[in-house]
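Chains, contacts and geometry: an overview
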Amino acid sequence: MAVIHHTTLKPTKLELLASWLPTRPWYVGAGEPELTKAGGFRLDDPAGEVGIEFMVATDASGARPVHYLVPLSYRGAPLDGADHALVGTMEHGVLGQRWAYDGCHDPVLVTQLLALIEGRAQAQAQSISDAPDREVTRAYTGQGSPSAAPGTTTATDDQDGTELRTSDGTVVLRLHRVLRPATPAPQDADGHVTGAWQLPDGTRARALFAALHITLGTLA
């Protein structure tokens, strides 16, 4: 179980994201973002070493607010081979220096996201320890376990989001980075995750966060 520390972060997560988001191909803004935290959820690392958060950040810098899904992993030391995925470092008031990564490139986050889709992990509230997030829903209709697929997983960004693909091509997981309320799961998806966040007018919105496709037969 992850313990949520209510303490200071320097710089804050949103300050890090304000510099990092404009470097992404799926960023649709025209300048420096004006970010607020609008929602999201956490997942537990069974080893208790990596913090895992799926943040929804709203950018109010344009004519209309834009809502981004930002999976983040937090580590107490650099992740080998992941310099390209580093969002930034922060000083945590309890845990000390933390390295924040684009979680799509962190194998711990990817494994736990697949476990969530399969029903083997429970989404947790962002700001409360040991509190399930009942607004997050998931489904899996495929056969076998996607998290057991052989090979490594690579993450590729494009203008529509991020694609995670195993090296053998068996599993493809598509993350929607720009969230659009009421987006349904594709009919041909083998699994998916949907979540909720708060709109600027105070109402709640839901959308597809991730869709899973099994591309080569049945997994073991």
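Here is a short report on the structure shown in this document. Keep in mind it's a predicted model, so treat the numbers as computed, not measured. (Residues numbered from 1 in each chain as written. Predicted model: local features only at pLDDT ≥ 70, side-chain atom pairs only at ≥ 80, totals over all residues. Heavy atoms only, no water.)

**Comments concerning the packing of aromatic side chains**
For clarity, the threshold we go by: Pairing of aromatic rings covers Phe, Tyr and Trp, the last through its six-membered ring, and needs centres within 6.5 Å; plane angles under 30 degrees mean stacked, over 60 mean edge-to-face, and all others mean tilted. Labels follow the DSSP assignment, with helices taken as runs of H or I lasting at least four residues and strands as runs of E lasting at least two, numbered in each case from the N terminus. Burial classification: accessible surface area is computed with a 1.4 Å probe over protein chains only, and a residue below 20% of its type maximum counts as buried, one above 50% as exposed, and the rest as partly exposed.
Enumeration according to the criterion identifies 5 aromatic pairs in this entry. Where tyrosine 27 meets tyrosine 68, the ring centres are 5.6 Å apart and the plane angle is 25 degrees; that geometry is what we call stacked. Residue tyrosine 27 is located in the loop between helix 1 (13–20) and strand 2 (35–43), and its partner tyrosine 68 is located in strand 4 (residues 66–75); the two are separated by 41 residues in the primary sequence. Among the residues examined, tyrosine 27 registers a relative accessible area of 10% and is labelled buried. Considering the side-chain rings of phenylalanine 41 and phenylalanine 209, the 6.3 Å spacing of their centres and the 10 degrees angle between planes classify their relative orientation as stacked. In this pair, phenylalanine 41 is assigned in strand 2 and phenylalanine 209 in strand 13 (residues 204–214), connecting sequence segments 168 residues apart. With respect to class, phenylalanine 41 is no different from phenylalanine 209; both count as buried. One aromatic cluster in this structure is built from Trp20, Trp26, Tyr27 and Tyr68.

**Let's talk about the nonpolar core**
Short version of the rule: Within this scheme, the nonpolar core is defined by two criteria: the residues are buried Ala, Val, Leu, Ile, Met, Phe, Trp, Tyr or Cys, and they are joined through side-chain atoms within 4.5 Å. In this description, contact between two residues means that some pair of their heavy atoms is separated by no more than 4.5 Å.
Judged by nonpolar contacts, the single largest core of 35 residues is most densely connected at Phe41, Leu116, Leu173 and Trp197. Where this core is concerned, the elements lending two or more residues are strand 2, strand 3 (51–59), helix 2 (107–118), strand 10 (171–176), strand 12 (191–198) and strand 13. Look past the residues within four positions of leucine 116 in its chain and what remains in contact with it is Phe41, Leu43, Ala121, Gln122, Ala123, Val136, Arg138 and Val193.

**So, the pairing of strand 10**
Here is the rule: Strands are treated as partners if at least two bridges between them are detected by DSSP.
Taking burial as the measure, the 6 residues of strand 10 include 5 buried ones, the bulk of the element. Examined bridge by bridge, strand 9 (residues 161–166) and strand 10 share 5 bridges and lie antiparallel to one another. Its bridge partner lying in strand 10, threonine 162 is registered against leucine 175. Across 5 bridges, strand 10 lies against strand 13 in antiparallel orientation.

**Quick notes on the environment of leucine 21**
Along the polypeptide, leucine 21 turns up in the loop between helix 1 and strand 2. Residue classification places leucine 21 among the buried positions, given a relative accessible area of 0%. Through-space distance from the C-alpha of leucine 21 to that of glutamate 53 is 16 Å; in sequence the pair is 32 residues apart. Leucine 21 has contacts with Trp26, Tyr27, Leu35, Tyr68 and Val70, leaving out every residue within four places of it along the chain.

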